[in-house]
Amino acid sequence: MTGQLAIVGLGPGDPRCLTPQAAATLANASDLVGYAPYLARVPGRPNQRRHSSDNRAERERAHHAAALAASGRCVAVVSSGDAGVFAMASAVFEAIETGEPAWRALDIEVVPGISAMFAASARIGAPLGHDFCALSLSDNLKPWAVVTERLTAAASAGFVIALYNPRSRARPWQLGTAFDLLRPILPATTPVAFATAVTCPEERIDITTLGEADPELADMRTLVLIGSATTRRIDRQGMRPWLYTPRGESAS
Ligand code: SAH
C-alpha cells in the first residue's frame, strides 16, 4: 500500500510550539484532514487538499483519512496539542482496527505535539513536577459517574490533576460540581490554576485556591490545574505567583 497516514499534534497555538517534525510532515502532505479551526492554523501549500469537518465528527474523519491514505494519498490528520491526548490518534487507530483489513498495512506515523497541560504548566511554574494525572471533564464520551469517580479517586490519591474540557456552552455546570466534589477531599488552600488559550494572543492565566475557584473563569479553551497537598505557591509582589510541586514528598 503506497499511501501514508500521519496524525499530527499542532501544539497549543503559537506556531513556535509546532515541532519541526510536525511542520515537515504537514508540508509533505497531499491532504490535510481535521477540525476547521485547527486546519486554519496550518500554512497553505499549493495543490494541497483540505478536508475540514465538525469537531464531533471524529469517527467519520478518521475513516475518511484512512480511506484517502489507502487510495495512495499522503494524508495528515491534525489535532491541537498532542494528537494522542484526548484527540484524533485514538480515533484513527479505532478506524484501523474496525475498518478495512487492508488499512492495517498503511504506513502510519503519529507525530507528537506539546499538549495543553505542558504548555500551561510551563506558564505557571512546575505544577506537574511530581505525580499527576490528566482527566477530561467532558461526559460526551463517558458517563458523568465515571468522571466524578476518577476525579475524587485522583484527588484522594494525591495526584495533581490536569482537567481538559472543563466547560462548554452545553456543559456549563460540570466544573462547579467538580470543585464541590473536591472540597471535602482537599484543603481549601489547594492551589488551582485556570490557563486559557495558552501561548495564543488571548492567553489568560488565573491562579487561585480550591476554596475560591470560580468556574466562570473557564471556557472550552481552558486547562484547569488542581494542585495536590504538596503543591507550593510562591507569591511575588505585583506579579503572578509561581506554582510548583516539589520532586519529593515525605512519608505520611
Ligand atoms: N489534544 C489536545 C487536547 C484536546 S481536548 C492537547 O493535547 O492539548 C481540548 C481541551 O484541551 C480544551 O477544552 C482545553 O481544556 C485544552 N486546551 C487545548 N488547547 C489549549 C490551550 N491553548 N490553552 C489551554 N487549554 C487548551
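Residues numbered from 1 in each chain as written. Predicted model: local features only at pLDDT ≥ 70, side-chain atom pairs only at ≥ 80, totals over all residues. Heavy atoms only, no water.

### A look at the sheet that holds strand E3 (residues 49–53)
Across the sheet, which stays open at both edges, the five strands sit in the order E3-E2-E4-E1-E5 with parallel pairing between neighbours. Edge strands, defined here as strands with exactly one partner in the open sheet, are E3 and strand E5 (107–111). Strand after strand, the sheet turns through a mean of 15° between neighbouring axes, direction not considered. Inspection of the sheet shows strand E1 (residues 4–9) paired to strand E4 (residues 74–79) by six bridges, in the parallel sense. Each bridged residue has a counterpart across the sheet, and for Gly9 the counterpart in E4 is Ser79. Strands in contact with helix H1 (residues 20–28) are E1, strand E2 (31–35), E4 and E5; relative to E1, the strand with the most contacts, it is inclined by about 140°. Against the sheet, helix H3 (residues 58–70) engages E1, E2, E3 and E4, with an angle of about 175° to E2. (Pairing = 2+ DSSP bridges. Helix = DSSP H or I, 4+ residues; strand = E, 2+ residues; numbered from the N terminus. Axes fitted to C-alpha atoms, helices over the stretch in contact; angles between N-to-C directions. Contact = heavy atoms within 4.5 Å.)

### Section: the site of the ligand
Among the 19 residues in the neighbourhood of the ligand, the closest are listed as Val85, Ser115, Ala116, Met220 and Thr222. In the model, an oxygen atom of the ligand is placed 2.9 Å from a nitrogen or oxygen of the Asp82 main chain. Contacts to the ligand include Arg221, whose backbone N or O atom sits 3.4 Å from a nitrogen atom. Looking at side-chain class alone, the shell around the ligand contains 12 nonpolar, five polar and two charged residues. (Near = heavy atom within 4 Å. Polar contact = N/O pair within 3.5 Å; in protein donor to acceptor, adjacent residues only side chain to side chain. Nonpolar A, V, L, I, M, F, W, Y, C, P; charged D, E, K, R; others polar.)

### Focus: the domain arrangement of the protein chain
Domain annotation of the protein chain identifies domain 1 (4–114) and domain 2 (117–244). Each of domain 1 and domain 2 has a C-alpha centre, and these two points are 28 Å apart. With eight residues of domain 1 in contact, the opposing surface of domain 2 contributes 10 residues. Summing both partners gives a buried area of about 700 Å² for domain 1 against domain 2, and 69% of it is carried by carbon and sulfur. Our count for the contact surface shared by domain 1 and domain 2 stands at zero salt bridges. Applying the counting rule to domain 1 against domain 2 returns one residue pair in polar contact (both at pLDDT 80 or more). (Domains from an automatic or database assignment. Buried area = accessible area lost by both parts, 1.4 Å probe. Salt bridge = Lys/Arg side-chain N within 4 Å of Asp/Glu carboxyl O.)

### Details of the side chain of Thr196
Mapped onto the elements of the fold, Thr196 is located in strand E9 (residues 191–196). Residue classification places Thr196 among the buried residues on the basis of a relative accessible area of 11%. A distance of 2.7 Å separates polar atoms of two side chains, one belonging to Thr196 and the other to Thr222. Discounting chain neighbours no more than four positions away, the residues touching Thr196 are Glu202, Glu203, Arg204, Leu217, Asp219, Arg221 and Thr222. (Buried < 20%, exposed > 50% of the residue type's maximum accessible area, 1.4 Å probe, protein only.)

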